[in-house]
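Architecture and fold: a report
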Amino acid sequence: MDYQAVLEEVAAHVEPQIGRGRVAQYIPALASVDADRFGIALADVDGRVTGVGDWERPFSMQSISKAFSLALVLADDGEKLWRRVGREPSGNPFNSLVQLEYEHGIPRNPFINAGALVVTDRLHTLTGDASTTMLDFLRAESGNPDLAFDQEVAVSETAHGDRNAALAHFMAGYGNLDNPVPTVLEHYFWQCSIEMSCRDLALAGSFLARHGLRADGSRLLSSSEAKRVNAVMLTCGTYDAAGDFAYRVGLPGKSGVGGGIVAVVPGRCTLCVWSPGLDARGNSVAGVAALDHFTTLTGWSVF
């Protein structure tokens, strides 16, 4: 398949969607991003990568980081994590406090903010430095040693992170955090602030298309564990729009409010699309449309 031609067709098809939606407003450092940007990259399982548009322009990965922290914890700690976080869709916004009250401090899944805080907490306990561990992993898998945290974004999120602090304190009250709340929040915000391009993210996520194998051929996850990460991405990776995303795209995916979405075609490739304009549920308008058209063109989905 001529990947370049397919991606160019996708970009042309979604051009009317680019700029639609609204960039994230609740994080001031993201509010000034140009909504008219668009890039898409595809990395096949052999590490070949191609892209169009702004595919090599770095952006804030935000909640896409949650897929990587989940994989790193499962690789080190196995099934123990699931005692502290569920695997079910939330049906509520990603920063909702509602479910924690009647579910006794156990987040519904690892991709809503509460669940991601629990995963970050566990990663920090396992490694002693959750955010640096993730950055080192992403540098290795993407082949880009220059990946870095965006200090402005991290500081901005910290200054406006009251709701995340509330989630963390609430779970700590139920004994579901091992580390001090300020430590967990710090590493969570710094993880989300990592800047990556579509190229970088498509390559970094390729272990999920290779059934758990890293770029160097070593195994991060068993085939079964990789299947499970992909399954949770499919059912929970785009917040309370996961059903619509599965209906339209038919692939495991993880979005972030920076406008990026990573999607996995198991056994074939990993895609990353970026366009900062978000819909009401926090997912890229043009990004979802692009992945929808990609699976329509190629016939590649998990269904």
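Residues numbered from 1 in each chain as written. Predicted model: local features only at pLDDT ≥ 70, side-chain atom pairs only at ≥ 80, totals over all residues. Heavy atoms only, no water.

Operational definition: UniProt positions are given in the numbering used here, feature names are shortened, and annotations may be inferred rather than shown by experiment.
Under an unreviewed UniProt entry, the name given to the protein chain is Glutaminase, and the source organism is Streptomyces rhizosphaericus. The record in UniProt for the protein chain states the following under Subunit (unreviewed entry): "Homotetramer."

A word on the packing of helix α3 (residues 65–77) against helix α5 (residues 113–127)
Here is the rule we go by: Angles run from 0 to 180 degrees between N-to-C directions of axes, and those axes are lines fitted to C-alpha atoms, restricted for helices to the stretch in contact. Runs of H or I in DSSP of at least four residues are treated as helices and runs of E of at least two as strands, each being numbered from the N terminus. Roughly parallel refers to an angle under 35 degrees, roughly antiparallel to one over 145, roughly perpendicular to one between 65 and 115, and oblique to any angle outside these ranges. In this scheme the handedness of a crossing depends on how the near helix is turned from the far one: anticlockwise by less than a right angle means left-handed, clockwise means right-handed. When checking whether two residues touch, look at their non-hydrogen atoms; a contact exists if any pair is within 4.5 Å.
It is at 9 Å that the axes of α3 and α5 come closest, and there the two elements cross at 45°. Overall, the two elements α3 and α5 adopt an arrangement that is oblique. At the point where α3 passes α5, the crossing takes the left-handed sense. Residues K66, S69, L70, L72, V73, D76 and D77 of α3 pack against N113, A116, V119, R122, L123 and L126 of α5.

Looking at the environment of F38
Tracing the backbone shows F38 in the loop between α2 (28–31) and β1 (39–44). If we ignore the near neighbours within four places in the chain, the residues touching F38 are A11, V14, I18, V52, G53, D54, V273, W274, S275, A286 and A290.

Focus on the UniProt feature "binding site: substrate" (unreviewed entry) in the protein chain
Listed under "binding site: substrate" (unreviewed entry) in the UniProt record, and renumbered for this structure, are S63, N113, E157, N164, Y188, Y239 and V257. Within the element layout of this structure, S63 appears in the loop between β3 (59–60) and α3. S63 has contacts with N113, Y239, K254, S255 and G256, leaving out every residue within four places of it along the chain. Mapping Y239 onto the fold places it in the loop between α12 (223–236) and α13 (242–248).

Examining the pairing of β1
Definition in use: Categorising residues by exposure relies on relative accessible area from a 1.4 Å probe, with only protein chains included: less than 20% of the type maximum marks a residue as buried, more than 50% marks it as exposed, and the intermediate range marks it as partly exposed. Paired strands are those between which DSSP finds at least two bridges.
The buried fraction of β1 is high, at six of six residues. Because side chains alternate across β1, one face comprises the buried residues G39, A41 and A43, and the other comprises I40, L42 and D44, equally buried. Strand direction decides the pairing type here: β1 and strand β2 (residues 49–53), joined by five bridges, are antiparallel. Looking across to β2, one finds that G39 is bridged to G53. In sequence, β1 turns back onto β2 through a hairpin of four residues, with G47 there showing a positive phi of about 90°. Two strands pair when backbone bridges link them, and β1 and strand β8 (residues 269–274) are joined in this way by six bridges, in the antiparallel orientation. Opposite A41, over in β8, you have C272 as the bridge partner.

Side note on the packing of aromatic side chains
Heads up, the condition is: Two aromatic rings, drawn from Phe, Tyr or Trp (for Trp, its six-membered ring), form a pair once their centres lie within 6.5 Å of each other, and the interplanar angle then sorts them: stacked below 30 degrees, edge-to-face above 60, tilted otherwise.
For the coordinates displayed, the defined rule picks out nine aromatic pairs. Considering the side-chain rings of F137 and F207, the 5.7 Å spacing of their centres and the 80° angle between planes classify their relative orientation as edge-to-face. Here the residue F137 occupies a position in helix α6 (residues 130–142), and F207 occupies one in helix α11 (residues 206–209), the gap between them amounting to 70 residues. Across the pair, F207 and F137 agree in class, each one buried. Centroid distance F149 to W190: 5.5 Å. Interplanar angle 85°. Geometry classified as edge-to-face. Here F149 is found in strand β4 (residues 148–149), whereas its partner W190 is found in helix α9 (residues 181–192), with 41 residues between them in sequence. The exposure class of F149 is partly exposed, given its relative accessible area of 26%. Here a set of aromatic residues connected by ring pairs shows up, and it is made of Y3, F294 and W300.

Regarding the sheet that holds strand β7 (residues 260–265)
Through backbone hydrogen bonds, the strands of a sheet pair up, either in parallel or in antiparallel fashion. Read across the open sheet, the five strands follow the order β2-β1-β8-β7-β6; overall the sheet is antiparallel. Of all the strands in the sheet, the pair left with one neighbour each is β2 and β6 (253–255). The average angle at which neighbouring strand axes cross in this sheet is 10°, direction not considered. Along the sheet face, helix α1 (residues 3–14) touches β1, β2 and β8 and points at about 25° away from the line of β2.

Things to note about the pairing of β8
By the criterion of burial, β8 is predominantly enclosed, with six of the six residues buried. Of the two faces of β8, both are covered, the one formed by C269, L271 and V273 as well as the one formed by T270, C272 and W274. Taken together, β7 and the strand that follows it, β8, pair antiparallel across an intervening segment of three residues, in which G267 is found at a positive phi of about 80°.

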